[in-house]
Amino acid sequence: MFTSRFPPLRVLGDAQVEFIHRYSLRILAEIGLVFRDPRAVEILLAAGARQDSTTGRIHIPETLVRSSLERAPRQFEFHGRNPAKTVVVGGDGVVCAPGYGSPFVLDLAGSRRTANYQDFENFAKLAGWADVIDCTGGTLVEPQDLPVENRHLDMVWSLIRNSDKPTMGSVVGEVAARDTMRMMSILFGGDDVLRERAVVLGLINVNSPLVYDSRMLEAMLTYAEYRQPVIIAPFVIAGASGPITLSDALAQHNAEALAGVVLCQSASPGTPLIYGCASAILDMRFGSPAIGSPEATQFVAATLQMGRHYGLPVRAGGTLSDAKDVDVQSGYEKMLVGLASVMAGANFILHMAGIVDSYLTMSYQSFVLDLEITRFIRRFVEGIRMEDMETGLKLLAGVGPAGNFLDNQHTFSHYETAFLSPAFAERNAYETWQQDRGAISIAEKARQEVERVLAQYVPPPLDPEVERRLLEFIAGRKAEIQPEFVLEGKGKTDGARVVAVDWRDLEAADGGAGAAAPDGAPPDQYPVDMNALAQSVIDGDTPAADRLTRDALAADMIPETILEKGLIAGMTVVGVLFRNNEIFVPEVLMSARAMKAGMAHLQPLLEARGIEPIGKYVIGTVKGDLHDIGKNLVAMMLRGAGFEVTDLGVDTSLEKFLAAIDSVQPQVVGMSALLTTTMGQMARNIEAFDKLGLREHLRVMVGGAPLSQDYATRIGADGYGKDAADAVDKAHKLIRLVKSVSEKAST
Ligand code: B1M
């Protein structure tokens, strides 16, 4: 833990702070939020909030916000199992914790692969060892080789066993949160001790925009019941789960955070909490979060200022980066966000070591290099110490003009502490570095350091009786919690399946694409220029697309020709431009809007002629998963490309997928998952589709950041969409395939 000597950076003026505050209060009072837990709703209503009977939203008045802020502690002591490692969260202090939640690791061989429990153990050891890491962290990585249902037990155990610093706990629902409390109770000597001391911290993310989901609420209320601290972290991705304009996104963020403060303080007044921020922006070229960007950094700094304005301890930032490797990009992004977070007065910094790839990957080498970045930052914010003037004058007089200080006693007595001595930064003469040190790269130095630490680290001793009781508890709970589903798929012994798609059929089906226009007329004889219609779609010119489609119909062109030669031709170009990064997400959506305008005229006519839409596609985020930004993007792009899309939303149960398959009769069902803990649901659903004999006329596509083609193949999916444009391409192919199979069957 360290302190900054500088007054916190103010990226907002007083009037701007007041503006965001008032704006947020109006969001809370006039728009309201959804709390997906009946207990939370009850608590809020009892505290003075109002529920809209039509929308179910909770509206929070200013008086309740004010009284809740008054109840929340300004700072709190956060205890480790080693009392010497206790830290204070709040005031001028900066407490650092490592990266959190990544499903992948960048290993020491330089490969990106799924994280496992050995990785978790390794990062717990590195966190226990690291000098500038004060809190061991929580979900250091997601250990995908452990059963989803009980892996929280092994994770909390590893955090306790490998480090004696204050720790974070599990928050994935009530079961995991309660198990965490029970383990902490064993470690610290009973529930009463917990209620007096903050010993485990929970990370509560808001499902922006304006939703608190059930798992996070269950966890928050459990932590509050034991008076354990929580970080309340809105996750506004400006441009996706919040407005693209930063001041509006900031107001939304602030309103969401204040709503969490109200709930926490209404549930258990005086429970410590941290005003948090996980918000960032969306890079519109790719539709991906940009956590190392200057705008995300402004966002971070502004939220820190808002939280401090309320007198709360604040969390944000870290050494964040979107880089895929340990490289120059990771270096400059990490220093920008890390330094700005400290300068803007963060009290608790999660993700201070290891994160690359927009939170998706934890890098071993980056972990130790980020410690160096943190040391640089710490040294910088320590400021310049003013020495004694008389001593200085004497020193200078003694050396005199044209002298040197190298062999002076004053230099001897200060040189060890005067400057930070970097562990990795290379400051040698070029020749020395090249000839004597083998021109070793910083990444290689980091690799060697990780190997050295992991080979030598000895976890701090733990009372054998406490250890026995914890292990007994874990074994008991594992026996009680029955795994619901094994990731590889029930009953599959070899872990691999043959993909149902026969791609030769697909190529044959592809042969049909781009055939002559249905009415057989050569393109140059169309009464209305189809190239102009296609261009209107490419340009996202909705009025033109609307007018040209009407003109074409008025000129007696057949709807299929207008669709294929005008609208679809345009959207195909849009897909290519997007894939080549020549246009951005909003432009694709503008094109989709133009396409929709044309389709509005064609659809009824196509239906009347018995012509089916390009394809019917049912999509949803799987059960237990609330991430929908990517799924929404895929759905929008599919709609734009002319598919009839039924969007089942998030947290979609198997039953809901089955009901939609039954009623919509789609050719493709698409499933999205962003959590490694929910990916298994895809395998489970596919297995059910198989068992129910649905696969002959139904293809399954899967997608989401933690997935890969390999995983899709293993679970028997027909297609894997690596991004939205790819999903549209694959959907076209799969639909052609289903149609060709159906046609073959009927001849
Ligand atoms: Co969460 N989250 N999150 N999160 N979140 C991740 C996924 C995580 C990697 C971040 C981290 O902690 N390091 C981590 C997952 C770890 C794991 O796997 N176990 C994580 C975690 C831990 C969590 C919580 C558990 C947090 C907690 O502990 N407190 C919690 C769980 C909630 C739940 O689902 N039950 C949680 C919550 C949230 C928010 C709600 C706050 C928010 C989501 C808001 C929302 O969606 N409305 C959120 C966010 C924003 C993220 C990250 C930062 C960004 C996700 C995103 O929107 N990306 C994410 C880290 C990351 O991915 N970088 C993270 C942009 C989007 C356009 O990309 O969804 O990948 P993506 O979609 C792409 C492609 O994948 C593909 O096309 C899209 C466009 O190119 N694609 C498909 C997607 N679906 C497809 C389907 C297809 C085809 C292609 O066919 C059907």
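These figures come from a predicted structure and were not determined experimentally.

Novice: Honestly, the state of the cysteines in this entry has me stumped. Any pointers?
Specialist: Two cysteines joined by a covalent bond between their sulfur atoms form a disulfide. Using the criterion set out here, one finds zero disulfides in the structure. The structure places no disulfide on Cys135, whose sulfur is separated from the nearest cysteine sulfur, that of Cys96, by 9.9 Å. Free of any disulfide, Cys264 has its nearest neighbouring cysteine sulfur in Cys135, separated by 17 Å.

Novice: Looking at this structure, how should I read helix α25 (residues 676-691)?
Specialist: Helical geometry: 3.6 residues make up each α-helical turn, so side chains three or four residues apart lie on a common side. Along its 16 residues, α25 runs 24 Å from first to last C-alpha, staying within 8% of the 22 Å computed at 1.5 Å per residue. With 12 of its 16 residues buried, α25 lies for the most part within the structure. Every buried residue of α25 is listed here: Thr676, Thr678, Met679, Gly680, Gln681, Met682, Ala683, Asn685, Ile686, Glu687, Ala688 and Phe689. Once α25 finishes, Gly693 follows within two positions and takes phi at roughly 70 degrees, a positive value.

Novice: Would you take a moment to explain the packing of aromatic side chains for this structure?
Specialist: How two aromatic rings sit relative to each other is set out by the distance from centre to centre and by the angle between their planes. Summed over the entire model, instances satisfying the criterion amount to 10 aromatic pairs. A ring pair is formed by Phe19 and Tyr23, whose centres lie 5.5 Å apart and whose planes are at 70 degrees; its orientation type is edge-to-face. Taken as a pair, Phe19 and Tyr23 lie in helix α1 (residues 14-31) at a separation of four residues, close to a single helical turn. Arranged with centres 5.7 Å apart and planes meeting at 40 degrees, the rings of Phe123 and Phe367 form a pair that is tilted.

Novice: Explain the sheet that holds strand β16 (residues 280-283) here, please?
Specialist: Strand pairing in a sheet relies on backbone hydrogen bonds, with the paired strands running either antiparallel or parallel. Overall, mixed pairing links the three strands, which are arranged β14-β16-β17 in an open sheet. In the strand order of this sheet, the two ends are held by β14 (237-238) and β17 (288-290), each with one partner. Here β14 pairs with β16 via two bridges, running parallel. Within β16, the position partnered with Ile237 by the bridge is Ala280.

Novice: Help me out: how do you make sense of the site of the ligand in this one?
Specialist: If you check the shell around the ligand, you find 46 residues, and the closest are Gly101, Ser358, Tyr359, His627 and Ser672. Gly101 is positioned such that a nitrogen or oxygen atom in its backbone is 3.5 Å from a nitrogen atom of the ligand. One of the backbone N or O atoms of Leu626 is found 2.8 Å from an oxygen atom in the ligand. When residues of the shell around the ligand are traced back to their parent elements, those giving at least two are β11 (200-206), α8 (214-225), α23 (629-640), β23 (668-672), β24 (699-703) and α27 (724-746). A total of four residues in the shell around the ligand trace back to one element, the largest contributor, which is α23. Split into classes, the residues belonging to the shell around the ligand amount to 24 nonpolar, 16 polar and six charged.

Novice: Can you walk me through the coordination of the cobalt atom of the ligand in this structure?
Specialist: Ideal donor angles around a metal are set by the shape: a four-donor tetrahedron calls for 109.5 degrees, a six-donor octahedron for 90 or 180 degrees. For the cobalt atom of the ligand, the protein contributes exactly one donor atom, His627 (NE2), at 2.3 Å. Mapped onto the elements of the fold, His627 is located in the loop between β21 (616-621) and α23.

Novice: In this structure, what is going on with the pattern of salt bridges? I would like to understand it.
Specialist: Pairing of side chains with opposite charge becomes possible as their charged atoms draw close. One pass over the full model with this rule turns up 39 salt bridges. Here Asp107 makes a salt bridge to Arg113, at a shortest N to O gap of 3.1 Å. For Arg113, a relative accessible area of 29% corresponds to the partly exposed category. Because the salt bridges share partners, they merge into one network encompassing Glu18, Arg22, Glu62 and Arg66.

Novice: Looking at this model, I keep getting lost on the sheet that holds strand β18 (residues 348-349). Mind explaining?
Specialist: Reading across from one edge, β1-β7-β18 is the order of the three strands in this open sheet, with mixed pairing throughout. On the outer flanks of this sheet lie β1 (2-3) and β18, each paired with one strand and no other.

Novice: I tried to follow the nonpolar core on my own but got confused; where do I start?
Specialist: Of all hydrophobic cores here, the largest spans 192 residues; its most connected members are Phe35, Tyr212, Phe348 and Phe367. Examining the composition of this core, we find that 11 residues originate from one element, helix α9 (residues 246-267), more than from any other. In this structure, Ile661, Met679, Ala683 and Ala712 belong to the second largest nonpolar core, which totals 26 residues.

Novice: What is the right way to read the environment of Ala316 from this model?
Specialist: Here Ala316 lies in the loop between α10 (294-309) and α11 (328-343). Sequence separation between Ala316 and Phe299 is 17 residues, and the spatial gap between their C-alpha atoms is 9.6 Å. Sequence-distant contacts of Ala316, that is, excluding residues within four places in its chain, are made with Cys277, Val300, Leu304, Ser341, Ala346, Phe348 and Ile349.

Novice: What exactly am I supposed to notice about the pairing of β21 here?
Specialist: Regular strands place side chains that alternate from one sheet face to the opposite one. Most of β21 is tucked away: five of the six residues are buried. Summarising the sheet, β21 and strand β22 (residues 644-647) pair through four bridges and their orientation is parallel. For Ile619, the partnering residue across the bridge sits in β22 and is Asp647. Handedness of the β21-α23-β22 crossover: right-handed. Looking at chain direction, β21 and β23 are connected through five bridges and run parallel. Across the sheet, residue Tyr617 finds its bridge partner in β23, namely Val668.

About the criteria used
- Residues numbered from 1 in each chain as written.
- Predicted model: local features only at pLDDT ≥ 70, side-chain atom pairs only at ≥ 80, totals over all residues.
- Heavy atoms only, no water.
- Disulfide = S-S within 2.5 Å.
- Helix = DSSP H or I, 4+ residues; strand = E, 2+ residues; numbered from the N terminus.
- Expected span 1.5 Å × (residues − 1).
- Buried < 20%, exposed > 50% of the residue type's maximum accessible area, 1.4 Å probe, protein only.
- Phe/Tyr/Trp six-rings, centres within 6.5 Å; stacked < 30°, edge-to-face > 60°.
- Pairing = 2+ DSSP bridges.
- Near = heavy atom within 4 Å.
- Polar contact = N/O pair within 3.5 Å; in protein donor to acceptor, adjacent residues only side chain to side chain.
- Nonpolar A, V, L, I, M, F, W, Y, C, P; charged D, E, K, R; others polar.
- Donors = N, O, S within 2.8 Å, 3.2 Å for Na, K, Ca; no water.
- Salt bridge = Lys/Arg side-chain N within 4 Å of Asp/Glu carboxyl O.
- Core = buried A, V, L, I, M, F, W, Y, C linked by side-chain atoms within 4.5 Å.
- Contact = heavy atoms within 4.5 Å.
- Right-handed = clockwise from strand over helix to strand, strands pointing away.

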